[in-house]
Amino acid sequence: MSNTNGVNGANGTHRVNGANGANGKHENPPLNKPQRVDFARTTSRGPPIDTTWERVNSFPLPPHTATPGGPTARSQAKVRSYGQNEDPKCFPRISRPVELLRTSYDVLVIGSGYGGGVAACRMARAGQTVCLLERGKERWPGEYPSTLIEATKELHISGEVPGVISKPKMVDKGDPTGLYHLIMGEGQNAFVGNGLGGTSLLNANVFLRTDNGTMGLHSWPTELRKPGALNDYYELAEKMLEPQTYPSEWPELPKLNMLEKQANHLGWGDKFRRVPQTTRFSAGANSTGVEMNASALTGQDTTGLNDGSKSSTLVNYLSDAWNWGAEMFCECEVRYIKEHPDEGYIVYFAWHGSGRGAFTEHLHEDLMWVHAKKCVFLGAGSLGTTEILLRSKSMGLSTSSTLGTGMSGNGDILAFGYNCNENVNAIGREFPSPYLPIGPTIAGIIDCREGHENPLDGFVIEEGAIPKALAPLFQVMLELMPGSAHHEESLLGNVRSKLASIGSHILGPYYQKGSVEKTMVYLVMSHDSNQAILSLKNDKPLLKFLGVGRSDHVEYLNDILAQATSSVGGTFVNSPFYAALGKQEITVHPIG
């Protein structure tokens, strides 16, 4: 069994050490008065700089709203992105050129999402020399794609694509360091992010504690089954991430109001609430001293938020780790790990920088390496971490026999309520109208996790938003999807629906009376059967989820969503993966 430390679970079989405390043996320095990241000195930094509040009086701040006030039109925008700052010296960079990589560190962290970010932060605060390797690039607000063309350039597709007539085919297309990574699998697909901050750059920021029923299951260690066993760790995370609900005094959000109406129709009005999230609704320094902006309510979270309000790990855990001396390197794709003959481990990686990624034939043959004297934390997500460990196993690293099995898609479901009888306003905009904001991608929830005989029957329903990049394709996709559940309407109702559809086709997806602006986006998180397997085929990861999209529970949840859609006069449409690819689902939370 390997001593390699897995972050985020790592199948629960490798002597897993949680990043929030590093085996529970290190006392973390308290998060007292936050230290501000000195962006002007991030490009050529030596030892950690003491940048306390009193010593950064000359720090040039980007323009932002002084008080919560919601979004503004482009011509009057007060909330602006870092990318719009006219002084390039203020633009933040906390990663280092790979030429500055040392040969040896106490601790090496792979990945920079919540697993890797927490590990790097805690280890750096514990006085260890820390090296973090991230596959993607470093991007800050103002650098994220917003159009279809820009987003397409950042898309990496890998895995096994099902053939309509021929056999399934393994593919690996696009930039491996691109921001968006779509992993095609059998039974379920996964969407994850690459970049300094991992998938936290693209998530919808929801901060939700797990329910007691799920944590009481016998599949958990005895220590974790005790009520409140994780409370101290949730509080640590809350102190860093500072979650809050969408403010009641801010503008009303049509999609949030629609979800509440649907909850009442389903008899679950008491289960509806505004969900805590790590979106900033006021400007100022966050817990680690990084200047943040108030949300512009753009609905653009899932392609990268350019307004400077998203609390990704880039602006908290990673910035804090940098401030305590951690060294971070981007475009470094870790391939495998070997035990060092004397102490620790050797981590081998392919560097994609300086155009090396164009030479794909030799990229994985000409590897670089770095020595971790004490331990390695794998925080590359469940799929990335398992891929690295599987390849390491083939290279001689001792691992568990269950590696790659028992994985899960978190029971995620994506679906739509098309052409409802009211405006939903769930299509993202870079500069939304101050009178009709989109909001955060998720602002509300119908929480149905409690009250089940079997806790695994629990689920949550959230309203969502479609980013601007997908808006041009959205209506065509919805109208062509097979298996849509139409509700019975009067003749007048049918005429209205048809006119709304025609209006969107002619005047575009942002036509207020059109069918697209009247479409509800549903995001469901539940439980699946944990029957997924990740293996390597020709040295490429192959993902197989068995029976996820065919279970009775998924059918039950789809029926609930169809009822909710019918109550507001819409047509229920499943995700394109479920409807067009043989009842496959897509998850943004691959775990295991």
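Residues numbered from 1 in each chain as written. Predicted model: local features only at pLDDT ≥ 70, side-chain atom pairs only at ≥ 80, totals over all residues. Heavy atoms only, no water.

Draft legend 1. Representation of the side chain of Ser112 in the model. With respect to the helices and strands, Ser112 occurs in the loop between strand S2 (104–110) and helix H1 (114–125). Of the residues examined, Ser112 reaches a relative accessible area of 1% and is grouped as buried. A polar atom in the side chain of Ser112 sits 3.1 Å from the backbone oxygen of Gly195. In this view, Ser112 contacts Gly117, Leu132, Glu134, Gly195, Leu196, Gly197, Gly198, Thr313, Leu318 and Gly379; residues no more than four positions away in its chain are not counted. (Helix = DSSP H or I, 4+ residues; strand = E, 2+ residues; numbered from the N terminus. Buried < 20%, exposed > 50% of the residue type's maximum accessible area, 1.4 Å probe, protein only. Polar contact = N/O pair within 3.5 Å; in protein donor to acceptor, adjacent residues only side chain to side chain. Contact = heavy atoms within 4.5 Å.)

Draft legend 2. The arrangement of the sheet that holds strand S16 (residues 444–448) in detail. Taken together, six strands build an open sheet; the order of strands is S8-S16-S17-S18-S15-S21 and the sheet is antiparallel. Each edge of the open sheet is held by one strand with a lone partner, namely strand S8 (272–274) and strand S21 (571–574). Sheet twist, expressed as the mean angle between neighbouring strand axes with direction ignored, is 25°. By the bridge criterion, three bridges tie S8 to S16 in an arrangement that is antiparallel. Across the sheet, residue Arg273 finds its bridge partner in S16, namely Ile445. (Pairing = 2+ DSSP bridges. Axes fitted to C-alpha atoms, helices over the stretch in contact; angles between N-to-C directions.)

Draft legend 3. Layout of the sheet that holds strand S6 (residues 180–184). Read across the sheet, five strands follow the order S5-S4-S6-S7-S22 without closing on themselves; strand pairing throughout is mixed. The open sheet has two free edges, formed respectively by strand S5 (169–174) and strand S22 (585–587), since each of these has just one partner strand. The sheet shows a mean angle of 15° between the axes of neighbouring strands, direction not considered.

Draft legend 4. Quick peek at a nonpolar patch on the surface. Side chains of Leu499, Ile502, Ile506 and Leu507 sit close together on the surface and give an oily, nonpolar patch of about 430 Å² of accessible area. Locating Ile506 in the fold gives a position in helix H11 (residues 491–507). Taking relative accessible area as the criterion, Ile506 reaches 65% and is therefore assigned exposed. (Patch = residues over 30% accessible without salt bridge, like charges linked within 9 Å, V, L, I, M, F, W, Y side chains within 5 Å. Areas by Shrake-Rupley, 256 points an atom, 1.4 Å probe, with all protein chains shown as cover. Salt bridge = Lys/Arg side-chain N within 4 Å of Asp/Glu carboxyl O.)

Draft legend 5. Highlighting the confidence of the model for the protein. Mean pLDDT over the protein stands at 81; residues scoring 70 or higher make up 78%. Across residues 1–86 the pLDDT falls below 50, and counting only partners more than four positions away or on other chains, this stretch makes 198 contacts in the model. (pLDDT = per-residue confidence, 0-100.)

Draft legend 6. A look at the pattern of salt bridges. Within the structure shown, the criterion is met by 22 salt bridges. For Glu143, the salt bridge goes to Arg93, with nearest N and O atoms at 2.9 Å. Of the two residues, Glu143 is situated in the loop between strand S3 (130–133) and helix H2 (148–153) and Arg93 in the loop between strand S1 (5–6) and S2; the sequence distance between them amounts to 50 residues. Judged by its relative accessible area of 30%, Glu143 falls in the partly exposed class.

Draft legend 7. Structural detail: helix H6 (residues 254–265). An ideal rise of 1.5 Å per residue puts 16 Å on twelve residues; H6 measures up with 17 Å between its terminal C-alpha atoms. Close packing links the buried residues of H6 with S8, S16, strand S17 (459–463), strand S18 (520–525) and helix H12 (552–566). (Expected span 1.5 Å × (residues − 1).)

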